[in-house]
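Next come the chains, spelled out residue by residue.
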Amino acid sequence: MNDKNRWVFVLLFIIAAADIYALVTGHNNLRLFTKPLLMPLLIAAYVLGHERKNVFTRLLISGLFFSLLGDIFLMFDSADGLYFILGLSCFLTTHILYILYFTKIPSQQKSFFSRNSFLLALIFLYGFGLLYLLWPSLGELKIPVSVYATIICSMLVMALWQYKRIPTKTALWFILGGASFVISDSMLAINKFSRPLPFAGILIMGTYVAAQVMIVLGSLLHQQWADSPLPSSVS
């Protein structure tokens with residue numbers, strides 16, 4: 001975060017708070033304004049945060065753009081579930097782009113999880129447990145939701161894989177962002193397909209916005225690290 005993008009982040013948090021307020025109070029017309037503003041503001045904060053134009057910049061901005069499309073589609077509903085499928089597809093694309101981002105990070109250091117890979121299996125075990133819970137209610141969405149669960153778990157695994165490969169603070173932003181995304185999507189799925197959750201709107205949107213912000217902050221730090229004279233250092 002710098003002087004150029006600090007106020008964009010402040011505006012983002014104000015709009016996010018207004019969006020959650022509109023969600024809780026049922027002011028749907030206000031959400032037509034607030035929700036589609038979130039990702040463009042985050043893109044602006046990211047662009048103003050660094051001057052590098054590289055594959056990481058393109059992947060991150062593309063991921064945020066597809067998140068914007070997903071946000072818009074999920075604002076609407078239809079009897080055949082078309083908008084949900086479109087939104088799911090957009091966020092699936094976002095997670096694939098984030099996976100590509102993580103796989104392209106070069107490092108001469110070994111990941112902590114390369115020596116403790118069994119820990120990564122816990123992520124997929126969590127995904128399996130979530131699918132087990134949702135399965136009876138998914139109907140025709142069993143395959144799309146299964147694919148989505150696999151991809152988002154893979155995204156979190158790739159975020160975790162950065163630990164000890166890149167500077168710790170950068171890796172932790174990625175990990176916390178990936179974990180928050182999984183939590184947000186899990187709550188959305190449980191609330192939609194299994195049982196209503198208390199304070200669902202606040203929790204889902206709060207963790208979603210936090211996830212995107214943390215991934216962006218991680219990427220800004222990663223871009224700075226890539227600019228440093230000794231990018232192999234993870235101190």
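As shown above, the structure is provided for reference.
Residues numbered from 1 in each chain as written. Predicted model: local features only at pLDDT ≥ 70, side-chain atom pairs only at ≥ 80, totals over all residues. Heavy atoms only, no water.

J.: Lay out the packing of helix H5 (residues 118-138) against helix H6 (residues 142-160) in plain terms, naming residues and giving numbers.
T.: Packing of H5 against H6 leaves a shortest axis separation of 10 Å and a crossing angle of 160°. Classed by the angle they form, the pair H5 and H6 counts as roughly antiparallel. When you trace H5 past H6, the crossing you get is right-handed. Here Leu120, Ile123, Phe124, Gly127, Leu131, Trp135 and Leu138 of H5 lie close against H6, whose contacting residues are Lys142, Val145, Ser146, Ala149, Thr150, Cys153, Ser154, Leu156, Val157 and Leu160. Per-class residue counts for the contact of H5 with H6 are 12 nonpolar, four polar and one charged. (Axes fitted to C-alpha atoms, helices over the stretch in contact; angles between N-to-C directions. Helix = DSSP H or I, 4+ residues; strand = E, 2+ residues; numbered from the N terminus. Parallel < 35°, antiparallel > 145°, perpendicular 65-115°, else oblique. Left-handed = near helix turned anticlockwise from the far one by under 90°. Contact = heavy atoms within 4.5 Å. Nonpolar A, V, L, I, M, F, W, Y, C, P; charged D, E, K, R; others polar.)

J.: Outline the environment of Ser194, supporting the account with residue identities and numerical values.
T.: As for its position among the elements, Ser194 is in helix H7 (residues 168-194). What makes Ser194 partly exposed here is its relative accessible area of 29%. Taking the C-alpha atoms as reference, Ser194 lies 9.0 Å from Trp135; in sequence the two are 59 residues apart. Not counting chain neighbours up to four residues away, the residues in contact with Ser194 comprise Leu133, Leu134 and Ala189. (Buried < 20%, exposed > 50% of the residue type's maximum accessible area, 1.4 Å probe, protein only.)

J.: Explain the packing of aromatic side chains to me, using residue names and the numbers behind them.
T.: Taken as a whole and judged by the stated rule, the model has 12 aromatic pairs. Each ring, one from Phe102 and one from Phe174, has its centre 5.0 Å from the other, and the planes form 70°; the classification is edge-to-face. Here Phe102 is found in helix H4 (residues 82-103), whereas its partner Phe174 is found in helix H7, with 72 residues between them in sequence. Neither residue differs from the other here; Phe102 and Phe174 are each classed as buried. Members of the aromatic cluster, each reached through a chain of ring pairs, are Phe56, Tyr101, Phe102 and Phe174. The ring of Phe84 is capped by Lys192, whose NZ or CZ atom sits 4.7 Å from the centre of that ring. Over the aromatic face of Phe193 sits the side chain of Lys192, whose NZ or CZ is 5.8 Å from the ring centroid. (Phe/Tyr/Trp six-rings, centres within 6.5 Å; stacked < 30°, edge-to-face > 60°. Lys NZ or Arg CZ within 6 Å of the ring centre and 35° of its normal.)

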